[in-house]
Amino acid sequence: MRMESLYFSIYKPGGRKTTMFYAKSETKEAIREHTDRLLDNWELLRDCYGERFVRMNERMWELLRLAIEYHDIGKANTAFQNKIRRAIQEEVLETDCDVDVPHNYLSVGLVPFNKLNLTKEETRLLTHAIGYHHERDKRPDKEAIRLVLESDLYLQREKIVKHMNLPVVEKLSFRFVDHLLRRYTIHDGEAFWDYVLIKGLLQRIDHAASAHLPVESYTDQHVGVYVRHYMKRQSFQLNDLQRFTASHTNKNVVVIAQTGMGKTEAALLWIDRDKAFFTLPLRVSINAIYERIRHQMGCEAVGLLHSTSAFYLAERGEENWEVIKQQSQQLSMKLLLTTVDQILKFPFYYRGFEKELAGMANAKVVIDEIQAYDPKIAAMLIKSLEMIKKVGGQFMIMTATLPTLYLDELKRRNIVDEDCTVFGKFIDNENHRHRIQFHDREITEGIEDFIKAARSAQVLVIVNTVRRGIELYEHLSDMDADIPVYLLHSQFTQEDRQGLERRIKEFNMAKEKGIWITTQLVEASIDIDFDYLFTEMSPLDSLFQRLGRCYRRRSIQGEQCNIHIFTQNVSGVPSVYDEHLVRESICLLEPYDGKILDERSKVELVEKLYERERLKGTAFLQEFEDALSMFDHLDPYELNKQEAQRKLRDIQTIPVIPRRIYDRIADLIEEYRRCRNGKERIGLRMGVEKKTISVHRFLAEKYVSERLPKPFEHIYIIDVEYDFDQENGKGTGIQFDKSLPAFY
C-alpha cells in the first residue's frame, strides 16, 4: 500500500461532533484544529519547495504527514487537559491519574504502527520524530508512560478517535519507550540525516502553526528579479563577477572578489528564485544590506535576524516590524539576513538543532567574509557547510581573501568538489587604490601626521583595542588642534553606537575634514571612503579589510602614500591577534613598503599567510584543528540551545548599564512592569535595552554592583563613568579607569 492512499484512508475530515481536547490555552485551540494548521503548512511547504528538497521522496513526505497527524495526540491526557482548563478558567475534569508525562512521549504510544505498513527503519523514524518533537530535560520514564496510557488515555480511546478522526492503537505496547531511549546518532549513517529532516521539518511546521504563521512566506517573490530591476533602473551593467554567479545558480559557488565589485548583488543573482539565508559577520553590515534590498530594491520578502534586529526594525519605523520579526524567527522569510550564531550553530548538535538544519535543506546559504571569523567559528562554519550539503542545501562562500587553510579543509572533506562547485576569482588589477608606508614606531607617535593630513582631508585611524583608541582620542582632544576628532568603538551604549555609525557615514558623505579614531569595528561593516588610513599592524586579512575603507572606489594618483602602517608596540597582541600571524604579516608585507599594493597581491599574500606549513606551531592552527575535532566527535543532544550559544561565544560578555544612565531610566523599568499593553511593553523594553553595553565579564566583574530587577535581571549596573555627548557626538564611552565617587 502506498503511503498516500494509507493517509487518506485514516484521515476523513467530517462534521461529526467530537469531544473537545485542547491543544493551546492562549487560543483555546483543539488538538484537531492545531493539527489541521500543521497539515496546511505541510501542503504549503510541499507545493512551494517539494522539488527543492532533494532528500525528500514520496515516502518521506508521507512519513512527515503521519508525524504531523499524531504529534500532539498525547495532549489528550487528562492531566494536560486540566492544566489548560485551569488556564482558561474552565471546569477541570475528574481523574484518578494526574501523573505529569510530556505529551510527546505519550503520543507515540497511541500510533497504530501495525496498521501503517511501515518498514522497520520507517517505524523508528516516526517514533523518534514524534517522541522528540519537543526536547525535554526529562528522559522517557517507561513506568510513568505506562501508567498514563493504561489508566487514562486508553480509557478515552473512543473519544480520541472521534476527535482526531484517526485510528489509534487497539492494544497497548510499551516497547517504543526502549526504542526512544536509543537515540539517533551520526553513526546511523544516512538514516540519521533522514531523521534530522523529518524531525526538523515537523518542528518548523509545528512552531509556525503555533504562531499562526505560514511556514514559508513570500514564496512568489524572487530576489533575483528585484536585483535585476534595481540594476536596470540604476543603469548598472552586470560585471564579470555578477555574470559568473548568475550563470551558476544550480551549483555551489566559491568566489574571491575584491571590495567594491558588487558582491552583494552577485550573491542575490545567485540566489535568484530560491529561498536563502545570507550571513555576515557584523550586524551593522546586515542592517545596511537589509536597507538596500527592502527599501532600495523594493523587495518585501527579506527578513532580519540578529541580537538587536527587533530594536533596529522598530527604530527604523518599519510599520509591520513585529510581523517581520516573527517571520524571521520562524525562518519563513524567502530571504533572511542574519548572523551565523542565529542559524549555523547546529554543529554543536544541541537539543533541537534539527529545526535550523532542516531549514537549510530547501535553501541556499551565503557566507560572506569567512576570513573575518576567528578560527573556532571558521571551523564551525566549515562543519555547517558539510551538514548543509548532507541535507541537500546549497552554499556560496564569498570573500575578499580566502585563507588557504580553510579552502584545503573544504576540499579535504569533499564539501567543495569539481562536480558540484564552481570557483571564481575576480580582481581588478588595473586600478590601484593603495600605496603603503611602514612606520617602525608606535601609532601614538603618528599624531602630528594625523593632524597635518586632516587639515585638508578625511583621516581614518584604526587601532586594535578600545583602550588604545581612547588613549589617542584623549591625546588629540587635549592638543586642541582645531581639528574635529571623533571616536567609535564597541563600548558605547547601543543607542550611542548607532548614532556614531550614522555620523561617520554622514561625515564621509559630506566630505568634512577631520579625524575618526575607530577599532576594527569598521573593517567590514561601514561603507565609508576616507582619504588617508593610519593603522596599527594586524594580520593581513584584517589589515586589507581596513584598507577597504580608504580609496574604496578611487584610483590613487602620484607617489604619495595613502596607507600608513605602524608596527611597534601594537596593541591587542596576543589578546586580540595571534603574535605569530602579526609578525609573519609584517615580513610578507615589508617588500611593498613605499610601493603600490595591488589587489592580486593582497589575495596572494593572505593565501601565503594561511598556508598550513606556515601556521605550524601557532595558536591559530591549534584552535582551528581542536574546534574541528570537537565538532567531529560531539555526542548529539548533550547541550541545550543556550549552552551552545554560550560555547559559540566562548568569551562571556554581559550587558551592563552605567549607574548614571540607570538612574535616569529607573522609572522606565517601573513603567514596563506596570504596563499590560503588549506593544507598549516592547517599546519600553527596547528603551531599556538600547542603554546597555556588551562588555567582557572579566572586565566588568569588579565594577558591577547589582542586577536590574526582573525581567531585566540579565542586565547589570556598573559603577563607572560614561562619557558621551549625544548632541555633538563626542566622548569616550564607558570608562573603566574612572570609578564613580561615593556621592555624585
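Preceding block: the structure.
Residues numbered from 1 in each chain as written. Predicted model: local features only at pLDDT ≥ 70, side-chain atom pairs only at ≥ 80, totals over all residues. Heavy atoms only, no water.

**Considerations on the sheet that holds strand β11 (residues 458-462)**
Spatially, the six strands line up as an open sheet ordered β10-β15-β14-β11-β13-β12, and their pairing is parallel. Each of the sheet's edge strands pairs with one partner strand only, and the pair in question is β10 (436-439) and β12 (485-488). Taking the axes of each pair of neighbouring strands and ignoring which way they run, one obtains an average angle of 15° across the sheet. Relative to strand β14 (residues 532-536), β11 runs parallel, the two sharing four bridges. What sits directly across from I462, in β14, is T535. Sitting on the sheet, helix α23 (residues 494-509) touches β11, β12 and β13 (514-518), and the angle it makes with β12 is about 135°. With respect to the sheet, helix α24 (residues 540-547) is in contact with β11, β14 and β15 (563-566), its orientation differing from that of β14 by roughly 155°. (Pairing = 2+ DSSP bridges. Helix = DSSP H or I, 4+ residues; strand = E, 2+ residues; numbered from the N terminus. Axes fitted to C-alpha atoms, helices over the stretch in contact; angles between N-to-C directions. Contact = heavy atoms within 4.5 Å.)

**Side note on the layout of surface pockets**
A volume near 1,300 Å³ is recorded for the second largest pocket. The wall of the second largest pocket is formed by 42 residues, among which G260, R292, D527, R552 and R553 lie closest to the centre. Of all the secondary-structure elements, those providing two or more residues to the lining of the second largest pocket are α11 (223-233), α13 (263-271), α14 (283-296) and α23. In terms of residue count, α14 provides more of the lining of the second largest pocket than any other element does, six residues in total. (1 Å grid on protein atoms, 1.4 Å probe; cavity = no way out; pocket = protein on both sides within 12 Å on 5 of 7 lines; lining within 4 Å. Points joined across faces, edges and corners; volume = space filled by probe spheres on them.)

**Things to note about the pattern of salt bridges**
As enumerated under the stated definition, the model contains 62 salt bridges in all. Among the salt bridges present, the one from R32 reaches D36, with a minimum N-O distance of 2.8 Å. Within this pair, R32 and its partner D36 are both found in helix α2 (residues 31-49), separated by four residues, close to a single helical turn. Residue class for R32 comes out buried when judged on its relative accessible area of 9%. Taking the relative accessible area as the measure of exposure, D36 reaches 24% and is therefore partly exposed. With a shortest N-O distance of 3.2 Å, K425 and E607 are connected by a salt bridge. Taken together, the residues K425 in strand β9 (residues 421-426) and E607 in helix α26 (residues 599-609) connect sequence positions 182 residues apart. In this structure K425 comes out as partly exposed when scored by relative accessible area, which is 43%. (Salt bridge = Lys/Arg side-chain N within 4 Å of Asp/Glu carboxyl O. Buried < 20%, exposed > 50% of the residue type's maximum accessible area, 1.4 Å probe, protein only.)

**Let's talk about the packing of aromatic side chains**
All told, the structure shown has 24 aromatic pairs when counted by the stated rule. Members of the aromatic cluster, joined through ring pairs, are F192, W193, Y349, F353 and Y637. Just above the ring of Y132 sits the side chain of R183; from NZ or CZ to the centre is 3.6 Å. In this structure, R554 is placed above the aromatic ring of Y551, and the distance from its NZ or CZ to the ring centre is 4.1 Å. (Phe/Tyr/Trp six-rings, centres within 6.5 Å; stacked < 30°, edge-to-face > 60°. Lys NZ or Arg CZ within 6 Å of the ring centre and 35° of its normal.)

**Some remarks on unusual backbone geometry**
Between V573 and the following residue, P574, the backbone shows a cis peptide bond with an omega angle of 10°. P711 follows K710 through a cis peptide bond whose omega is 5°. In this fold, P711 is placed in the loop between β18 (704-707) and β19 (716-718). Backbone geometry at K28 places phi at a positive 50°, although glycine is not the residue there. Here K28 lies in the loop between β1 (22-24) and β2 (29-30).

**What to know about the nonpolar core**
Within the largest apolar cluster, 207 residues are counted, with the highest numbers of intra-cluster contacts made by I515 and L589. By residue number, the principal contributor to this core is helix α10 (residues 190-210), which donates 12 residues. For I515, the residues in contact, after removing those within four places along its chain, are F450, I451, A454, V459, V461, L476, I483, P484, V485 and Y486. Membership of the second largest hydrophobic core comes to 42 residues, among which are M231, A257, I289 and L313. (Core = buried A, V, L, I, M, F, W, Y, C linked by side-chain atoms within 4.5 Å.)

**Quick look at empty space enclosed by the protein**
For the structure on display, the rule yields one cavity of 30 Å³ or more. Computed from the structure, the largest cavity encloses a volume of approximately 130 Å³. Lining the largest cavity are 16 residues, and of these T259, A400, F544, E599 and K602 sit closest to its centre. If you list the elements that add at least two residues to the lining of the largest cavity, you get β3 (252-257), α24 and α26.

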